[in-house]
Amino acid sequence: MRLESQARRLKVLSGKQGEGQSAETVRHKTPEAVPSDGNIVEMLKEGRRRSRPDPLVSVTEDLRAWFEEEPGRTGRELLQRLQSIYPGEYPDNLIRTVQRRVKDWRRDRGIP
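The shown structure was predicted, so the numbers you read here are calculated from the model rather than taken from an experiment. (Residues numbered from 1 in each chain as written. Predicted model: local features only at pLDDT ≥ 70, side-chain atom pairs only at ≥ 80, totals over all residues. Heavy atoms only, no water.)

Chemist: Even after reading the chapter, I still don't get the packing of aromatic side chains, so can you show me in this structure?
Modeler: Two aromatic rings, taken as a pair, are described by how far apart their centres are and by the angle between their planes. Across all of its chains, the model carries two aromatic pairs by this definition. Measuring from centroid to centroid gives 5.6 Å for F67 and W105, while their planes differ by 40 degrees, and the two rings are tilted. Here W105 lies in helix α6 (residues 95-109) and F67 lies in helix α4 (residues 60-69), a separation of 38 residues in the sequence. A centroid spacing of 5.8 Å and a plane angle of 75 degrees characterise the contact between Y86 and Y90, whose relative ring orientation is edge-to-face. Exposure remark for Y86: the relative accessible area of 26% places this residue in the partly exposed category. (Phe/Tyr/Trp six-rings, centres within 6.5 Å; stacked < 30°, edge-to-face > 60°. Helix = DSSP H or I, 4+ residues; strand = E, 2+ residues; numbered from the N terminus. Buried < 20%, exposed > 50% of the residue type's maximum accessible area, 1.4 Å probe, protein only.)

Chemist: Explain the pattern of salt bridges to me, please; I cannot follow it from the model alone.
Modeler: As a working rule, side chains carrying opposite charge can pair if their charged atoms are close by. All chains considered together, the criterion is met by eight salt bridges. For R109, the salt bridge identified is with E68, shortest N-O distance 3.6 Å. Here R109 is found in helix α6, whereas its partner E68 is found in helix α4, with 41 residues between them in sequence. We classify R109 as partly exposed; its relative accessible area is 40%. Each of R64, E68 and R109 takes part in one network of salt bridges that share partners. (Salt bridge = Lys/Arg side-chain N within 4 Å of Asp/Glu carboxyl O.)

Chemist: Explanation requested: α4 in the structure shown.
Modeler: In an α-helix, one turn spans 3.6 residues, which is why side chains three or four residues apart end up on the same side. Those residues of α4 that sit buried are L63, W66 and F67. Looking straight down α4, one finds its buried side chains confined to an arc of 100 degrees; they lie on one side. Those residues of α4 that are exposed and aimed more than 90 degrees away from the buried face are E61 and E69. Turning to α4, the residues buried within the fold contact α5 (75-85) and α6. (Arc of directions from axis to C-beta. Contact = heavy atoms within 4.5 Å.)

Chemist: Can you walk me through the environment of W105 in this structure?
Modeler: Residue W105 is classed as buried on the basis of its relative accessible area of 7%. Sequence-wise, W105 and R64 are 41 residues apart; in three dimensions their C-alpha atoms are separated by 8.0 Å. Beyond its immediate stretch of four places on either side in the chain, W105 contacts T60, L63, R64 and F67.

Shown next, in the form of structure tokens:
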């Protein structure tokens, strides 16, 4: 949802030249590399970068295997299983990270 609103804003800015503004000023406010096909949402997604190291790098394969065994499992259930095997190593605040992984894996498999 947030990416769509950013995309709408960028489209408006890129086509808008107010009074007293030169085209150069308007261009300065918009991204240099707006795709020619207009797919700004994809451009914004590509711009995401990790701000810290992946906390699940050592157990990603385990999580993926558990997901493949039972694709209906939720991110919460996978995190709880991880926490029972490695007590104290993976706190509850990793829930969103696990949920994002599960969401991506479901998308890759075509599961709604």
